[in-house]
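Below are the chains, spelled out letter by letter.
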Amino acid sequence: MSDRYYKTQGIILRTYKLGEADKIAVLYTKDYGKIRAVVKGVRKPTSKLGAIIEPGSLVDFYLYRTGGELQKIIQAVNINGYKRLKSDLDKLNEAFAILETVDRACEDSNPSTEIFTMLTNVLKWLDTYDKNIRLVFPAFCLKLMLIEGAGLVVDYCIFCNKDVKLVAFEMNENGFSCEKCRKSRRLSETTINAVRQVLGGTLRNLLETDSLLEVKEFELLSVSAMEHYLGAQIKSFKKSVSIF
Ligand SMILES: [Zn+2]
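What counts and how
Residues numbered from 1 in each chain as written. Predicted model: local features only at pLDDT ≥ 70, side-chain atom pairs only at ≥ 80, totals over all residues. Helix = DSSP H or I, 4+ residues; strand = E, 2+ residues; numbered from the N terminus. Rg over C-alpha atoms; globule rule 2.2 N^0.38 Å. Buried ≥ 20, exposed ≤ 12 C-beta atoms within 10 Å, placed from the backbone. Pairing = 2+ DSSP bridges. Contact = placed C-beta atoms within 7 Å. Axes fitted to C-alpha atoms, helices over the stretch in contact; angles between N-to-C directions. Core = buried A, V, L, I, M, F, W, Y, C linked by C-beta atoms within 7 Å. Domains from an automatic or database assignment. Nonpolar A, V, L, I, M, F, W, Y, C, P; charged D, E, K, R; others polar. Parallel < 35°, antiparallel > 145°, perpendicular 65-115°, else oblique. Left-handed = near helix turned anticlockwise from the far one by under 90°. Expected span 1.5 Å × (residues − 1).

A. How the structure looks around the overall build of the protein. Summing up its helical and strand segments, the protein has seven helices and seven strands in all. Listing each helix as α and each strand as β along the protein from the N terminus yields β-β-β-β-β-α-α-α-α-β-β-α-α-α. Since a compact globule built from 244 residues should have a radius of gyration of about 18 Å, the 20 Å found for the protein is in line with a globular shape. Across its three principal axes, the protein shows a C-alpha extent of roughly 65 × 35 × 30 Å.

B. Layout of the pairing of strand E6 (residues 166–170). Taken across its five residues, E6 has four buried, putting it largely inside the fold. Of the pairings in the sheet, the one linking E6 to strand E7 (residues 175–178) comprises four bridges and is antiparallel in character. Of the residues in E7, the one forming a bridge with leucine 166 is cysteine 178. Hairpin remark: E6 followed by E7, antiparallel, with four residues in the connecting loop; positive phi at asparagine 174, about 60°.

C. Spatial organisation of the environment of leucine 206. With respect to the helices, strands and loops of the structure, leucine 206 is situated in helix H6 (residues 203–207). Using a count of 23 C-beta atoms within 10 Å as the deciding quantity, one classes leucine 206 as buried. Taking C-alpha positions, leucine 206 is 9.0 Å from valine 136, a pair spaced 70 residues apart along the chain. Once residues within four sequence positions are removed from consideration, leucine 206 is found in contact with Leu135, Ala139, Ala194, Gln197 and Val198.

D. Layout of the sheet that holds strand E3 (residues 33–39). In spatial order, the strands read E1-E2-E3-E5-E4; together these five strands close into a barrel with mixed pairing. Taking each pair of neighbouring strands and ignoring which way they run, the sheet shows an average axis angle of 50°. As judged from the seven bridges shared by strand E4 (residues 58–64) and strand E5 (residues 70–80), these two strands associate in the antiparallel manner. Bridge assignment links tyrosine 62 to a residue of E5, and that residue is glutamine 75. Contacts from helix H2 (residues 89–105) reach strand E1 (5–18) and strand E2 (22–29), with the element oriented near 105° to E1.

E. View of the nonpolar core. Core analysis: the largest hydrophobic core is formed by 71 residues, its most contacted members being Leu27, Val122 and Phe140. The element that contributes the greatest number of residues to this core is helix H4 (residues 133–147), accounting for nine residues. Two domains each provide a minimum of three residues to this core, namely domain 1 (5–81) and domain 2 (84–230). Beyond its immediate sequence surroundings of up to four residues, valine 122 is in contact with Ile98, Val136, Phe140 and Leu203.

F. Quick look at the domain arrangement of the protein. Here the protein is partitioned into domain 1 (5–81) and domain 2 (84–230). Look at where the C-alpha atoms of domain 1 and domain 2 centre, and you get two points 29 Å apart. The interface of domain 1 with domain 2 comprises 14 residues on the first partner and 16 residues on the second. Residues of the side of domain 1 that touches domain 2, tallied by class, amount to eight nonpolar, two polar and four charged.

G. The arrangement of the packing of helix H3 (residues 113–128) against H4 in detail. Their axes nearest at 11 Å, the elements H3 and H4 cross at an angle of 175°. Classified by the interaxial angle, the pair formed by H3 and H4 is roughly antiparallel. Here Glu114, Ile115, Met118, Val122, Trp125 and Leu126 of H3 lie close against H4, whose contacting residues are Ile133, Val136, Phe140, Lys143, Leu144 and Ile147. Grouping the constituent residues of the contact of H3 with H4 by class yields 10 nonpolar, no polar and two charged.

H. Main features of the packing of H4 against helix H5 (residues 189–200). Two elements in contact, H4 and H5, have axes whose closest approach is 9 Å; the angle formed by their N-to-C orientations is 50°. Classed by the angle they form, the pair H4 and H5 counts as oblique. Relative to H5, H4 is oriented so that their crossing is right-handed. Facing H4, whose interface residues are Ala139, Leu142, Lys143 and Leu146, H5 presents Val195, Val198 and Leu199. Residue composition of the contact of H4 with H5, by class: six nonpolar, no polar and one charged.

I. Spotlight on H2. Compared with an ideal rise of 1.5 Å per residue, which puts 17 residues at 24 Å, H2 spans 24 Å between its outermost C-alpha atoms and is within 8% of the ideal. Along its buried surface, H2 packs onto E1, E2, helix H1 (83–86), H3, H4 and helix H7 (215–230).

J. Region of the structure containing unusual backbone geometry. Even without being a glycine, tyrosine 82 presents a positive backbone phi close to 45°. The topology assignment puts tyrosine 82 in the loop between E5 and H1. Owing to 21 C-beta atoms within 10 Å, tyrosine 82 belongs among the buried residues under this scheme. Its identity as a non-glycine residue notwithstanding, asparagine 174 has a phi of 60°, on the positive side. The topology assignment puts asparagine 174 in the loop between E6 and E7. A residue is classified by how many C-beta atoms lie within 10 Å of it, and asparagine 174, with 16 of them, is partly exposed.

Here it is, written out as structure tokens:
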């Protein structure tokens, strides 16, 4: 068999139509990072792949290496469609925001096991639990920025470099400031502690906590920081008016 055929597991980030009956799927795969692949005839009613090639699903792919930018999906087997997640609008909002962010933040063909694992873990969390749903996407943003080498500085004041109590988020500096130096509005201590908790540990640490967190403040901080990093808005995320 030709070595042009290969297998990998991946999450479908998004799909779009191509021609009459085909689709292009953008995947985040375990072994190859983000790739684009054509699925022939998938929009025909007879296609068995139609129900599998759906954003936010974890799939075993059998692909053909075309030599060009677009790969070709030969076969796809569903591993987890996260059906429970997809029947809940709040969870879906978080999941779609996560998928869009990975698509925007990650370059093609630059694999990261850490990102793939984190992506499958957050989808699994949304599919399994009803706890701390609105913390999932913001916490994911903080962690993804850290993996991409743009983590927020939360160990010392970004202006005076002192290890003092931090009270405000300074978006342009990608970090936090003390009372003496702050240029931005004061944040609650629990919000800053939650950022510290996510960056110093795992997402699960925060998601499993019975948090007293002011969700909106944590959400705005994390998502705004990610949008600032991307230089683009995350369109599928519905949030309140920015306070930064
Ligand atoms: Zn300072």
